[in-house]
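Chain by chain, the residues:
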Amino acid sequence: MSLTSLNSQQCEAVLHTEGPLLLLAGAGSGKTKVVTHRVAHLVGARGVEPEQILAVTFTNKAAREMQERIAGLVGRSKAERIQVSTFHSLCCRILRTDIETLGYKSNFSIYGTSDQQRLIKDLINNIDPASGIPADAVLWKISDAKNRLLPPEKFGSFMAGDLVGAMARAVYPEYQKSLKSYNAIDFDDLIMLVVRLFTEFPAVEARYQERFRYIMVDEYQDTNLAQFTLMRRLAGKWGNFCVVGDDDQSIYGWRGADPGNILDFEKHFPGAHVIKLEQNYRSTAHILKAANTVIRHNNKRKEKALWTAGVAGEKLGVVRCIDAEDEARAVIERIRHNVGRKRMAYRDHAILLRTNAQTLVFEQELRFAEVPYVLIGGQQFFDRKEVKDAIAYLRFIVNPYDEVNLLRILNYPRRGIGRTTADLLIRASIAGREPLWQVIRKARLLEGVNAKAADAVGGFVALIEERRRGFRAGGRLAATAMELFATIGLEAELRREPDSRERIERRIENVQEIVNALATYEGRVGQPTLSGFLEKVALLDRDEPGSESKEKKLAQDAVVLMSLHSSKGLEFPHVFMPGFEEGFLPHRKSVSDVFDVDEERRLCYVGITRAREKLTLLHADARMKYGKAEPRETSRFLAEIPEEVRREEARAGFQLVEGDEQASLSDLFARLMGE
Ligand code: ATP
Ligand code: MG
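A few points on the structure. (Residues numbered from 1 in each chain as written. Chains lettered and ligands numbered in written order. Predicted model: local features only at pLDDT ≥ 70, side-chain atom pairs only at ≥ 80, totals over all residues. Heavy atoms only, no water.)

**With respect to the overall build of the protein chain**
Working step 1: Counting its secondary structure elements, the protein chain contains 30 helices and 17 strands.
Working step 2: Computed over its C-alpha atoms, the radius of gyration of the protein chain comes to 27 Å, within 12% of the 26 Å expected for a compact globule of 675 residues.
Working step 3: In terms of principal-axis extent, the alpha carbons of the protein chain reach across some 80 × 60 × 55 Å.
Working step 4: Going through the 675 residues of the protein chain one by one, you find that 54% of them count as buried.
Working step 5: Here the contacts in the protein chain between residues at least 6 apart in sequence split such that 78% fall between residues at least 24 apart.
Working step 6: In the structure as shown, the protein chain presents an accessible area of about 30300 Å², 51% of it carried by carbon and sulfur atoms. (Helix = DSSP H or I, 4+ residues; strand = E, 2+ residues; numbered from the N terminus. Rg over C-alpha atoms; globule rule 2.2 N^0.38 Å. Buried < 20%, exposed > 50% of the residue type's maximum accessible area, 1.4 Å probe, protein only. Contact = heavy atoms within 4.5 Å. Areas by Shrake-Rupley, 256 points an atom, 1.4 Å probe, with all protein chains shown as cover.)

**Observations concerning the side chain of N405**
Working step 1: Within the secondary structure, N405 sits in helix α19 (residues 403-409).
Working step 2: Those residues in contact with N405, other than ones at most four positions away along the chain, are Y111, D115, A392 and R395.

**Considering the sheet that holds strand β17 (residues 646-649)**
Working step 1: With respect to topology, seven strands assemble into an open sheet ordered β11-β12-β10-β13-β14-β9-β17, the strand pairing being parallel. The sheet is open, and its two edges are formed by β11 (373-376) and β17, each paired on a single side. Going from strand to strand, the sheet's axes swing by 25° on average, the running direction of each strand aside.
Working step 2: Across four bridges, the pairing between strand β10 (residues 349-353) and strand β12 (residues 559-563) is parallel. Residue pairing across strands places I351 opposite L561, the latter belonging to β12.
Working step 3: Sheet strands touched by helix α15 (residues 285-295): β9 (316-321) and β14 (611-620). Its angle to β14, the strand with the most contacts, is close to 55°. (Pairing = 2+ DSSP bridges. Axes fitted to C-alpha atoms, helices over the stretch in contact; angles between N-to-C directions.)

**Some remarks on helix α6 (residues 113-127)**
Working step 1: For α6, with 15 residues, the first-to-last C-alpha span of 21 Å sits near the 21 Å given by 1.5 Å per residue.
Working step 2: Buried within α6 are the following residues: D115, Q116, L119, I120, L123 and I124. Around the axis of α6, the buried residues are gathered within 165° of arc, so they sit on the same side. (Expected span 1.5 Å × (residues − 1). Arc of directions from axis to C-beta.)

**Concerning the site of ligand 1**
Working step 1: Neighbouring residues of ligand 1: 19 residues in total, closest K31, T32, R282, E571 and R610.
Working step 2: A distance of 2.8 Å is found between an oxygen atom of ligand 1 and a side-chain nitrogen or oxygen belonging to R282.
Working step 3: In isolation ligand 1 has 640 Å² of accessible area, and contact with the protein removes 84% of it.
Working step 4: With three residues, helix α2 (residues 31-44) is the largest single contributor of residues to the shell around ligand 1.
Working step 5: Taken together, the residues that form the shell around ligand 1 break down as three nonpolar, 10 polar and six charged.
Working step 6: Residue contributions to the shell around ligand 1 reach at least three from each of two domains, namely domain 1 (8-95 + 200-279) and domain 3 (316-380 + 545-672). (Near = heavy atom within 4 Å. Polar contact = N/O pair within 3.5 Å; in protein donor to acceptor, adjacent residues only side chain to side chain. Nonpolar A, V, L, I, M, F, W, Y, C, P; charged D, E, K, R; others polar. Domains from an automatic or database assignment.)

**Focus: the pattern of salt bridges**
Working step 1: Under the definition given, this model contains 65 salt bridges.
Working step 2: The shortest N-O distance in the salt bridge between R213 and E210 comes to 3.6 Å.
Working step 3: Since its relative accessible area comes to 34%, E210 is described here as partly exposed.
Working step 4: Linking E327 and R623 is a salt bridge whose minimum nitrogen-to-oxygen distance equals 2.9 Å. In this pair, E327 is assigned in helix α16 (residues 324-341) and R623 in strand β15 (residues 622-625), connecting sequence segments 296 residues apart.
Working step 5: The buried category is assigned to R623, whose relative accessible area is 10%.
Working step 6: Linked through salt bridges whose partners overlap, the residues forming this network are D246, D247, D248, R296, R301, E303 and K304. (Salt bridge = Lys/Arg side-chain N within 4 Å of Asp/Glu carboxyl O.)

**With respect to the sheet that holds strand β2 (residues 53-57)**
Working step 1: Ordered in space as β3-β2-β6-β7-β1-β8, the six strands form an open sheet in which the pairing is parallel. Edge strands, defined here as strands with exactly one partner in the open sheet, are β3 (83-86) and β8 (273-277). Averaged over all pairs of adjacent strands, the angle between strand axes in this sheet comes to 15°, irrespective of strand direction.
Working step 2: In the sheet, strand β1 (residues 21-25) pairs with strand β7 (residues 241-245) via four bridges, with the strands oriented parallel. Paired with L21 across the bridge in β7 is C242.
Working step 3: Against the sheet, helix α3 (residues 60-74) engages β2 and β3, with an angle of about 160° to β3.

**Some words on the packing of helix α10 (residues 187-200) against helix α12 (residues 225-234)**
Working step 1: The contact between α10 and α12 brings their axes to 9 Å, and the two run at 35°. Taken as a pair, α10 and α12 cross one another with a handedness that is left-handed. For the pair formed by α10 and α12, the contact residues are I191, V194, V195, F198 and T199 on the first element and A226, Q227, T229, L230, R233 and L234 on the second.
Working step 2: Here the residues of the contact of α10 with α12 sort into seven nonpolar, three polar and one charged. (Left-handed = near helix turned anticlockwise from the far one by under 90°.)

What follows is the structure, given as structure tokens:
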């Protein structure tokens, strides 16, 4: 590998392989590039075994991209032996191997938000059915505690004495107990349990410390206490710990991220070498100037002098629109213009949104205009009810202790196991301290279960046990799942639902998509197992589309529609930031204690710095709220962008001249055909 594509500071960072190293630098200065080149240098020039390297980042997408770039430098076979992963997938791997030490079984389930909410709702009801405290408020507190590595016994002193806090304090120990008896862990446990494992079992920790001689973390500014502790422990033996990040891009304070981790790195790791990068290679001078001036309004930050040798480029466009539809059309018109006239690709465009609610209008208008797009985020595929129901079968088949999913499917599709029978079974399980599934298997012997119900329960048991054997026999995952869904009559149940035919058809297709996803997984993995598939599903980025939409398969070239949060680390030639208004950016919640305006400004900085050539900011005079038009004000951040780098653009005025549209369509067609 040659180092000629790097500047001298970048080279220094690549060559400084031993000891702690901090690379603190602004957006687009090549931090991620340094990480990939450093890995390549270790493997290529220093003869380090690929297995001894660990590179961690925040999203699966970023991890995949990193692995691709490394493969480009050292070849695929070596790249695949390097552990490049997210915090969660790293911890999942560790736990699959070592969780039995903590008394769980290695086929544990990973609970996502909806499973957690179900469980917490039940626990709140047990404690005080009249409390009216929402499960997600309690869940939020528990998750916050876990991010701070606080187990139930230490939670009390941490909690403020409000009602939600008091409820969370009562629920948390019960919640952990239930999870354990269901052989399940939640997303935050993934990290907290590994830290516990390392703390309580030094020999296990030593094994992982020994293995990972070189550790790198990208986007380090967004680590929370749990992630920080995990990495610090892992790096404990060799101390070759390289972190890269930008305090100005810390946007997960609301999930417990602590910028102190990066700002105090030299305190945490005495003798750390610090390198700064100051040249931006991504954006035009106008875009960079806008970003630099906006972020300077934040107080607590390390001043950076980010400069570019690139051209001034086009000024930022500021577009005043009438309403949300008008705004979406203004964006689409520009995209079509660029594709038709400037020969840009659809994928050169990204639309970055602050809230989920903004997505709908964009989706509608993009579809109407027949512009291909991919949505990252929004309602995830695996969050849909019919998908969760179908997956619940698979999850229960893998883990017979998983009671949240067992209860989800016990009488769905309806099979004559009514509420009374279910309650009876649950009570017997609690009274006898026996897992629910054991009780269900001998339901016939229970007092109070009538013959009809007993038959229904017996049928369910037989079905599950047969399928469990089927999946265990290995191979044929997709086919076995398809048979299962047919046997339980999922499609017929969906057809009985009172909904439009179109929506019902879509739900049925979604269930079919699970089978397709299984087939894809089987085709790609050496030794496919049902639990391996479920793990992949559980670890999908919260902002990653779970299943590729048909449009995406057809059109690899598509406009990207995503949240500002998930755009971190990425870059696009033309970026649109709609909703440049008070209430969106900064978000109206930023006045409360969870979000703060400085964090919103950093989010704005992240958005601006995604753009390479052109940035368009849009705002509307009014938006509909509860059926009424509500006037809107432009974002305070707009006034912070110097006037000389921006200019007002007409809403329209990018009208396509005749013939353009055709050109763009045939262009797209050519690209689809693999021109
Ligand atoms: P972010 O803060 O947004 O994550 P980053 O600091 O990680 O940004 P990279 O994504 O690594 O920056 O690099 C930004 C762009 O600059 C990429 O297109 C990269 O290829 C390019 N780049 C980085 N360093 C150089 C260099 N020395 N010469 C030319 N291009 C470079
Ligand atoms: Mg980066």
